[in-house]
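Residue-level structure breakdown
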Number of protein chains: 4
Amino acid sequence: MPAQWSSPVRYVECDQQGVVFNAHYLTWADEASNGWWASAGLSWAELTERRIDPLVKASTLEWSAPARWGDTVTVDAETERVGRTSVTARFTVRVGEQVCCVVRTTYVCSSDGRPTPWPDDVRARLTS
Amino acid sequence: MPAQWSSPVRYVECDQQGVVFNAHYLTWADEASNGWWASAGLSWAELTERRIDPLVKASTLEWSAPARWGDTVTVDAETERVGRTSVTARFTVRVGEQVCCVVRTTYVCSSDGRPTPWPDDVRARLTS
Amino acid sequence: MPAQWSSPVRYVECDQQGVVFNAHYLTWADEASNGWWASAGLSWAELTERRIDPLVKASTLEWSAPARWGDTVTVDAETERVGRTSVTARFTVRVGEQVCCVVRTTYVCSSDGRPTPWPDDVRARLTS
Amino acid sequence: MPAQWSSPVRYVECDQQGVVFNAHYLTWADEASNGWWASAGLSWAELTERRIDPLVKASTLEWSAPARWGDTVTVDAETERVGRTSVTARFTVRVGEQVCCVVRTTYVCSSDGRPTPWPDDVRARLTS
């Protein structure tokens, strides 16, 4: 079951074409990422204590429909791919059943500023 | 002579009524405040080293005309009033000669989290 | 009973001092204003149809405590003063019982771009 | 020669890790896109008059270094690929010579809400 995040669209997020400005989808995906890490049993407290620092390496966004003021957006967050040193999450932004944007973000595991393989137990939790 | 900050209005800053959303005027005043502190000869490095932490206590905004995409806004920043533990700066946001908004922000001097009088030399620089 | 708006603080809203950047309080008050107008029985649809356009004339903000990532902010919105052509709403932003900021925003009634007195029925609804 | 856009990093753009929050790179690329369309001789006025509406279809972002408060970012905007109904622009965000992020955005040509091939003269200008 995916982690979910949801919010009414804010007036400040809509541009003068009356649709949500594209950068805000990345903000929403970032908000949804907190619940996604938590759904894998990974809290920031634990990651920080173990000096595991996931860095955002890349994001892709594909839009299929606009969100507007008055809409409530829901973001479903799911693990898409786990690599040796990276993980990609998929964030599906939708208004009801209408998908507006799919965001994919790849995080790389770093420790003291260097890329490093995920510890086995972290990788296991991301995969399950 | 006032400190100045200037920027083209960004598309993301305009709402679906085609005018700059009100909260962004506070962001612009904040950007202009850096030059204003510097114009008083007060750098963040010095303030930090001396453990002087100016806290934003209050802001007021009065709008008189909208700014729009395509406009370049200029903010003139000037000292309005210096108190024993506070200082108020006035930020005039304009497009050419047309004033759009006047922002006044009051900072209180704090040290280790407590309000404290400005050191004499700091007060002198704010006043001059 | 005041109109309420609530939201978890977003990561993007916190600055490098680890507290919510001041301009976002104005954004939250704006979001809360929708429920406040609605609580007076005034929908944008009705206002638009009757060509009543409330313009934001002034805002004041007074901070008393910071909000942080992890907090959920609640905004209580209440009518503070109704004038012949204006109305002032008070937005109290709090985290639990701790008040972080009080925002007051004054709207002036305009029609076709000119200030105009509130229609009697609108004024009555704002006052009640 | 690429179109360029440049701005000092704003305080509001930095998060509590002291680096620019990822969504703002998309905002900067959007700002840079205006100069890029203009550099192809395509003004919004002309596009609007001819009912050519370029829609943002997809964006990708790859980060290689953080930008921070105090930095000035420059965005170089260049055409990467022109298709029958789409065009991809590449936005290289850098601080001095240090590349922070490469953003690629694909626009599709639409008219009255439907994808449509670029008119020949528009395609020629995008390609040259």
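Now for a quick tour of the structure. (Residues numbered from 1 in each chain as written. Chains lettered and ligands numbered in written order. Predicted model: local features only at pLDDT ≥ 70, side-chain atom pairs only at ≥ 80, totals over all residues. Heavy atoms only, no water.)

1. Topic: the overall build of chain A
Counted only if it meets this: The way it works is that DSSP assigns letters per residue, a run of H or I at least four long becomes a helix, a run of E at least two long becomes a strand, and they are numbered from the N terminus. Computation of the radius of gyration draws on C-alpha atoms alone. For the globule rule, the value is 2.2 Å times the number of residues to the power 0.38. Buried residues are those whose accessible area, probed at 1.4 Å on protein chains only, stays under 20% of the maximum for their type, while exposed residues exceed 50% and partly exposed ones sit between those limits.
Each helix and strand counted, chain A has three helices and six strands in total. In chain A, the succession of helices and strands from N to C terminus is β-α-α-β-β-β-β-β-α. On C-alpha atoms alone, chain A measures out to a radius of gyration of 16 Å, which is about the 14 Å that the 2.2 N^0.38 rule sets for 128 residues. Each principal axis of the C-alpha atoms in chain A carries an extent, and together these give about 45 × 30 × 25 Å. In chain A, buried positions account for 52% of the 128 residues.

2. Considerations on the packing of aromatic side chains
Heads up, the rule is: Two aromatic rings, drawn from Phe, Tyr or Trp (for Trp, its six-membered ring), form a pair once their centres lie within 6.5 Å of each other, and the interplanar angle then sorts them: stacked below 30 degrees, edge-to-face above 60, tilted otherwise.
Scanning the entire structure with this criterion turns up 36 aromatic pairs over all chains. Consider the rings of Trp 36 of chain A and Tyr 107 of chain A, whose centres lie 5.8 Å apart with planes at 20 degrees: the pair is stacked. In this pair, Trp 36 of chain A sits in helix H1 (residues 23-39) while Tyr 107 of chain A sits in strand E5 (residues 98-111), placing the two residues 71 residues apart along the sequence. Residue Trp 36 of chain A shares its accessibility class with Tyr 107 of chain A, and that shared class is buried. Aromatic side chains Tyr 11 of chain B and Trp 69 of chain B sit 4.9 Å apart centroid to centroid with 75 degrees between the ring planes, which places their arrangement in the edge-to-face category. Of the two residues, Tyr 11 of chain B is situated in the loop between strand E1 (3-8) and helix H1 (23-39) and Trp 69 of chain B in the loop between strand E2 (53-63) and strand E3 (72-82); the sequence distance between them amounts to 58 residues. Note on Tyr 11 of chain B: relative accessible area 9%, which makes it buried. Judged by its relative accessible area of 30%, Trp 69 of chain B falls in the partly exposed class. An aromatic cluster is present here, built from Trp 36, Trp 37, Trp 44, Tyr 107 and Trp 118 of chain A joined pairwise through their rings.

3. Overview of the relation of the copies chain B and chain C
Here is the rule we go by: Copy-to-copy superposition: least squares on the C-alpha atoms, limited to residues that have pLDDT of at least 70 in both copies. Contacts between residues were defined by any pair of non-hydrogen atoms, one from each residue, lying within 4.5 Å.
When chain B is fitted to chain C, the best match, at an RMSD of 0.0 Å, comes from turning it 180 degrees and sliding it 0.0 Å along the axis. Both chain copies can therefore be described as sitting about a two-fold axis. Rotation axis and chain B: the residue whose C-alpha lies nearest the axis is Thr 60 of chain B, separated from it by 2.1 Å. A symmetric contact is evident, with 100% of the interface residues of chain B recurring at the interface of chain C.

4. So, the interface of chain B and chain C
The condition is simple: When two components associate, each loses some accessible surface as probed by a 1.4 Å sphere; the sum of these losses over both components is called the buried area. Salt bridge, as used here, is a side-chain nitrogen of Lys or Arg placed within 4 Å of a carboxyl oxygen of Asp or Glu. Any N or O atom pair separated by 3.5 Å or less is treated as a polar contact, with the protein-specific requirement of one donor-capable and one acceptor-capable atom, and with residues adjacent in sequence counted only for side-chain atom pairs. Put simply, Ala, Val, Leu, Ile, Met, Phe, Trp, Tyr, Cys and Pro go in the nonpolar bin, Asp, Glu, Lys and Arg in the charged bin, and everything else, Gly too, in the polar bin. By the convention used here, strands pair only if DSSP detects at least 2 bridges between them.
Counting from both sides, the interface comprises 17 residues of chain B and, opposite them, 17 residues of chain C. In total, chain B and chain C occlude about 1400 Å² of area from one another, counting both sides; carbon and sulfur atoms represent 57% of this. The tally of links between chain B and chain C comes to zero salt bridges. The tally of links between chain B and chain C comes to four residue pairs in polar contact (both at pLDDT 80 or more). Only H1 and E2 of chain B provide two or more residues apiece to the side of chain B that touches chain C. Of all the elements, E2 of chain B adds the most residues to the side of chain B that touches chain C, at nine residues. Looking at side-chain class alone, the side of chain B that touches chain C contains seven nonpolar, six polar and four charged residues. Pairing of E2 of chain B with strand E2 (residues 53-63) of chain C, which is carried by five bridges, proceeds in the antiparallel orientation. Paired with Leu 61 of chain B across the two strands is Ser 59 of chain C, which belongs to E2 of chain C.

5. As for H1 of chain A
All names here are of chain A. Stated precisely, the cut-off is as follows: What a helix should span is 1.5 Å times the count of its residues minus one.
Between its first and last C-alpha, H1 extends 25 Å over 17 residues, near the 24 Å set by a 1.5 Å rise per residue. In terms of burial, H1 is largely enclosed, as 13 of its 17 residues are buried. Count one or two residues on from H1 and you reach Gly 41, which has phi positive near 80 degrees.

6. Re the packing of H1 of chain A against helix H1 (residues 23-39) of chain D
Threshold: Helix axes use the C-alpha atoms of the stretch in contact, all axes being lines fitted to C-alpha atoms, and the angles between their N-to-C directions lie in the range 0 to 180 degrees. For classification purposes, an angle smaller than 35 degrees is called roughly parallel, one larger than 145 roughly antiparallel, one from 65 to 115 roughly perpendicular, and anything else oblique.
Running from N to C, H1 of chain A and H1 of chain D cross one another at 175 degrees; their axes reach a closest spacing of 8 Å. By the angle class used here, H1 of chain A and H1 of chain D are roughly antiparallel. Here Ala 23, Leu 26 and Thr 27 of chain A of H1 of chain A come into contact with H1 of chain D, specifically with Ala 23, Leu 26 and Thr 27 of chain D. Residues belonging to the contact of H1 of chain A with H1 of chain D are distributed by class as follows: four nonpolar, two polar and no charged.

7. A look at the interface of chain D and chain A
On the side of chain A, 17 residues touch chain D, which itself brings 17 residues to the contact. Between chain D and chain A we count zero salt bridges in total. Our count for the contact surface shared by chain D and chain A stands at four residue pairs in polar contact (both at pLDDT 80 or more). Of the residues contributing to the side of chain D that touches chain A, the split by class is seven nonpolar, six polar and four charged.

8. Thoughts on the relation of the copies chain D and chain A
Rotating chain D by 180 degrees and translating it 0.0 Å along the rotation axis places it on chain A, where the RMSD comes to 0.0 Å. The fraction of interface residues of chain D whose copies in chain A are also interface residues reaches 100%, indicating that both copies meet through the same surface.

9. Here we look at the pattern of salt bridges
Counted according to the given criterion, the structure contains 44 salt bridges over all chains. In this structure, Arg 10 of chain C and Glu 13 of chain A form a salt bridge, with 2.8 Å as the shortest nitrogen-oxygen distance. Taken together, the residues Arg 10 of chain C in the loop between strand E1 (3-8) and helix H1 (23-39) and Glu 13 of chain A in the loop between strand E1 (3-8) and H1 connect one chain to another. In this structure, Arg 10 of chain C and Glu 13 of chain A share a single accessibility class: buried. Residues Glu 78 of chain D and Arg 90 of chain D are paired through a salt bridge, measuring 3.3 Å at the closest nitrogen-oxygen approach. Of this pair, Glu 78 of chain D sits in strand E3 (residues 72-82) while Arg 90 of chain D sits in strand E4 (residues 86-95); the two residues are 12 residues apart in sequence, bridging distant segments of the chain. Residue class for Glu 78 of chain D comes out partly exposed when judged on its relative accessible area of 30%. For Arg 90 of chain D, a relative accessible area of 23% corresponds to the partly exposed category.

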